[in-house]
Amino acid sequence: MAQHSTHPGGASRVRRRALLGTAVLAVLVTLAGLAAYLTREGRSPSDTASSPPSSPTASSSSTAPPGPHTPPRTLPVPPKTHDPITYGKDAAAALWSYDTRAYSQSELRKALRGWLTTESKYADPASVDQVVPSAVLWKEMAANKQVATAKVNEGHFPHAFTQALQDDPGAITQAYVYAVTVSGKQSIRWKGSAAGGAESRSITLAVQCRPNHPCALVGVMPSVAP
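Numbering of residues starts from 1 in every chain and runs along the sequence as written. Reporting in this predicted model follows two pLDDT cut-offs: at least 70 for local features of residues, and 80 or more for side-chain atom pairs to be given and counted; totals over whole chains, interfaces and linings ignore these cut-offs and use all residues. Side-chain calculation: all heavy atoms of the structure are included, whereas hydrogens and water are not.

(A) Up close: the overall build of the protein chain. For the protein chain, the helix and strand inventory stands at eight helices and five strands. Secondary structure elements follow DSSP: runs of H or I no shorter than four residues count as helices, runs of E no shorter than two count as strands, and numbering proceeds from the N terminus. Listing each helix as α and each strand as β along the protein chain from the N terminus yields α-α-α-α-β-α-α-α-β-α-β-β-β. Only protein chains enter the calculation, and the probe is 1.4 Å; a residue is then buried if its accessible area is under 20% of its type maximum, exposed if over 50%, and partly exposed in between. Here the protein chain, with 226 residues, has 48% of them falling under the buried criterion. As presented, the protein chain carries roughly 10700 Å² of accessible surface, and 54% of it is formed by carbon and sulfur atoms. All accessibility values rest on the Shrake-Rupley procedure with a 1.4 Å probe; residue burial counts only the protein chains present in the view.

Below, the structure written as structure tokens:
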């Protein structure tokens, strides 16, 4: 579903990813594919992000609308928490949820970008954008009044991340970026169907939690770290 395109800001995005890689590589390099993801050059955002975990495929637009008594969902608002796992779970739920009846694709995209850290040298908005269904797909989904809801089962620090912290506890203190892996289930519903479809989901997020500041999202990892 990724579309290849060229963007004028591509070079600055590559630089931001390189800076992020420099800041947290000591802690996160053991997560599969992360170093290449953060420092890859000459690629557009759609090339560097994986297939969106929450974006339905063409067949899933035939997968459930909520019943007539289901209220429209509001746009996701980031929680005020200092716990990276709590934040990661809430962020995953936000990334796996949408309501085409209640808001537009661009409104959802803007709301999810609001979860990102304000430290631009660390934030990777392109990886978040890739999780949102494309404008073309959204139009098709909206015609079917498609809605997705998420149920989070658990969240944890990946083994490689905890091992890296044990090996070098001070490595986290520059950017305070934590890797959080979340698993759960996404349920999709649409008009004219008596039942919806559900699919298991897993995602690894980079979450920044500086001391005395609420957590914020850094970006979505290209692969899931166990």
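(B) Representation of the pattern of salt bridges. By salt bridge we mean one thing: a side-chain nitrogen of Lys or Arg within 4 Å of a carboxyl oxygen of Asp or Glu. Across all of its chains, the model carries five salt bridges by this definition. A salt bridge links D129 to R109; the nearest nitrogen and oxygen atoms lie 3.2 Å apart. With a gap of 20 residues between them, D129 in helix α6 (residues 125–129) and R109 in helix α5 (residues 105–113) connect regions that are remote in the sequence. Between R113 and D129 there is a salt bridge, with its nearest N and O atoms 2.5 Å apart. Highlighted residues: R113 in helix α5 and D129 in helix α6, separated in sequence by 16 residues.

(C) The arrangement of the state of the cysteines in detail. Counting rule for disulfides: a pair of cysteine sulfur atoms within 2.5 Å. Applying the stated criterion across every chain yields a total of one disulfide. The disulfide that involves C209 links it to C215, with 1.9 Å between the sulfurs. When the S-S torsion is 115 degrees, as for the bridge of C209 with C215, the disulfide is right-handed. There is no split in this pair, since C209 and C215 are both buried.

(D) Expanded view of the nonpolar core. Think of a nonpolar core as a cluster: buried Ala, Val, Leu, Ile, Met, Phe, Trp, Tyr and Cys residues, connected wherever their side-chain atoms sit within 4.5 Å. Among the nonpolar cores identified, the biggest contains 36 residues, and L95, Y98, L112, I203 and L205 are the most heavily contacted of them. At the level of elements, α4 (84–95), α5, α7 (135–143), α8 (159–167), β3 (177–189), β4 (197–208) and β5 (216–220) are the ones that each hand at least two residues to this core. Ranked by size, the runner-up nonpolar core spans six residues in total, among them A175, V177, A206 and M221.

(E) The arrangement of the pairing of strand β2 (residues 147–156) in detail. Here two bridges tie strand β1 (residues 98–99) to β2, and the two strands are oriented antiparallel to one another. Each residue of the ladder has a partner; that of D99, found in β2, is V147. When DSSP finds at least two bridges between two strands, those strands are taken to pair. Relative to β3, β2 is paired through nine bridges, and the arrangement is antiparallel. Counted as the bridge partner of E154 is S183 from β3.

(F) Region of the structure containing α7. Where α7 is concerned, the buried positions are L137, W138 and M141. Buried residues along α7 cover an arc of 100 degrees about the axis, so they all sit on one side. Exposed and oriented more than 90 degrees from the buried face of α7 are V136 and K139. Contacts between residues were defined by any pair of non-hydrogen atoms, one from each residue, lying within 4.5 Å. Elements in contact with the buried residues of α7: β1 and α5. Picture the helix axis, draw a direction to every C-beta atom, and the arc is the one those directions span.

(G) Spotlight on the environment of V182. With respect to the helices, strands and loops of the structure, V182 is situated in strand β3. Among the residues examined, V182 registers a relative accessible area of 0% and is labelled buried. As a C-alpha pair, V182 and P226 span 44 residues in sequence and 9.4 Å in three-dimensional space.

(H) Local environment of the sheet that holds β5. Read across the open sheet, the five strands follow the order β1-β2-β3-β4-β5; overall the sheet is antiparallel. Two strands lie at the open edges of the sheet, namely β1 and β5, each paired on one side alone.

(I) Geometry of the packing of aromatic side chains. For Phe, Tyr and Trp, where Trp contributes only its six-membered ring, two rings pair if their centres lie within 6.5 Å, and the inter-plane angle classes them as stacked under 30 degrees, edge-to-face over 60, or tilted in between. The final tally for this structure, using the stated rule, is six aromatic pairs. Between F157 and Y178, the ring centres sit 6.0 Å apart and the planes meet at 25 degrees, which makes this aromatic pair stacked. Of this pair, F157 sits in the loop between β2 and α8 while Y178 sits in strand β3, and the two are 21 residues apart along the sequence. Taken together, the ring pairs connect Y98, Y103 and W138 into an aromatic cluster.

(J) Region of the structure containing α4. Expected span of a helix, by definition, is 1.5 Å for each gap between consecutive residues, and there is one gap fewer than residues. The terminal C-alpha atoms of α4, which comprises 12 residues, lie 16 Å apart, in line with the 16 Å expected from a rise of 1.5 Å per residue. Along α4, the residues classified as buried are P84, Y87, G88, A91, A92, A94 and L95. Taken end-on, α4 shows its buried residues confined to a sector of 160 degrees, consistent with a single buried face. Contacts from the buried residues of α4 go to α5, α6, β3, β4 and β5.

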